[in-house]
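# Structural description and commentary
Residue strings, one per chain:
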Amino acid sequence: MNLNNCIIILISIVIILIIVKPYSKNEYFTTTTLHKHIRLCTQYYVTDLKKRQKEIDDTLIQNINNDVIDEIILFIEKDYNFDTIKKKVNNFNKVTLVHINERLTFKICFDYCNKHMKDNTINILANSDIYFNKTLANLYTINLDKTFLALSRYDLPDLKLSTKSAGSQDTWIWTSPLQISKKKSNKDYFNNGIPLGLWGCDNRIIKIIQDEGYTIKNLCKKIITIHNHSSNTRENNRKTLPGPYLYIPCE
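Treat the numbers as computed from the prediction; the structure is a model and nothing was measured.

Now for the overall build of the protein chain. From N to C terminus, the protein chain includes 6 helices and 11 strands. Taken over 251 residues, the protein chain has a buried fraction of 47%. Taking the intrachain contacts of the protein chain between residues at least 6 apart in sequence as the baseline, contacts between residues at least 24 apart amount to 79%.

Below, the structure written as structure tokens:
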């Protein structure tokens, strides 16, 4: 092979490397060698407030249509009609309805995921008005060994990191099994399960999990969680859960 041919080959290789750019952490990545089973757990409910109900329904639709999410565990307290939602989604079969007799708690969700463990599964627990964009695929490359993610949210319509709830989270991510020690300091977890929606529930649960030896991270710049609550309706007489708390800033 002469010198001219070598130069042509080298130039061709450089051009290929420039055109085929390497994987970026902020891009939608679907290479099967990195694929992990993503399971989303959340609660669905029906409210008399039409605008709020639309937000809850639209959030569920967004999550069902997100191809990164392989499975959705939808905790419900009543039998609801999902016919309208089924018409707007690609695959409602990815949804499993689980009946519970109370507001969803962290304990109910953790126990369910522990019982229904699957190889290579990442569990996500999110509030009913949280949905995800393509950055959720960054979970494929995050090491969750003894690590628990607690993510701050981005508010609509501007999609800016929430400043109204600094230090709070609406999404929690882990791999099973997740075991909580039955000790005196965790009595609230075993007594009422720590219901979602109480003031301080997010900071309380990550304190409990940190005490179990987990590293808590708030990787909200890598995984964007979108808060669909422009109606700004709030539960009256919302209770506050006693501490101790843990506050994790966004990384």
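Read on, since the account is not over.
The next subject is the sheet that holds strand β11 (residues 225–227). As summarised here, the arrangement of the 4 strands in space is β5-β11-β7-β8, forming an open sheet in which the pairing is mixed. Both outer strands of the open sheet, β5 (130–132) and β8 (160–161), are each paired with one neighbouring strand and no more. Sheet topology note: the strand β7 (residues 154–155)/β11 ladder contains 2 bridges and is parallel. Pairing of Tyr154 across the sheet is with Ile226, part of β11.

The strand order across the open sheet built from 7 strands is β3-β2-β1-β4-β9-β6-β10, with neighbouring strands paired in mixed fashion. Each edge of the sheet is formed by a strand with only one pairing partner; in this case those strands are β3 (95–99) and β10 (215–217). Within this sheet the neighbouring strands show an average axis-to-axis angle of 20°, counted without direction. Sheet topology note: the strand β4 (residues 121–126)/strand β9 (residues 171–174) ladder contains 4 bridges and is antiparallel. In the strand pairing of β9, Ile124 is matched with Ile173.

Evaluation of the coordinates by the stated rule reveals 1 cavity of 30 Å³ or more. Roughly 40 Å³ of internal volume is contained in the largest cavity. Here the lining of the largest cavity takes 4 residues from helix α2 (residues 50–64), the largest share from any one element. Each residue belonging to the lining of the largest cavity can be placed in one class, and the counts come to 4 nonpolar, 5 polar and no charged.

The rules behind the values
- Residues numbered from 1 in each chain as written.
- Predicted model: local features only at pLDDT ≥ 70, side-chain atom pairs only at ≥ 80, totals over all residues.
- Heavy atoms only, no water.
- Helix = DSSP H or I, 4+ residues; strand = E, 2+ residues; numbered from the N terminus.
- Buried < 20%, exposed > 50% of the residue type's maximum accessible area, 1.4 Å probe, protein only.
- Contact = heavy atoms within 4.5 Å.
- Pairing = 2+ DSSP bridges.
- Axes fitted to C-alpha atoms, helices over the stretch in contact; angles between N-to-C directions.
- 1 Å grid on protein atoms, 1.4 Å probe; cavity = no way out; pocket = protein on both sides within 12 Å on 5 of 7 lines; lining within 4 Å.
- Points joined across faces, edges and corners; volume = space filled by probe spheres on them.
- Nonpolar A, V, L, I, M, F, W, Y, C, P; charged D, E, K, R; others polar.

Distances and angles like these do not, on their own, reveal function.
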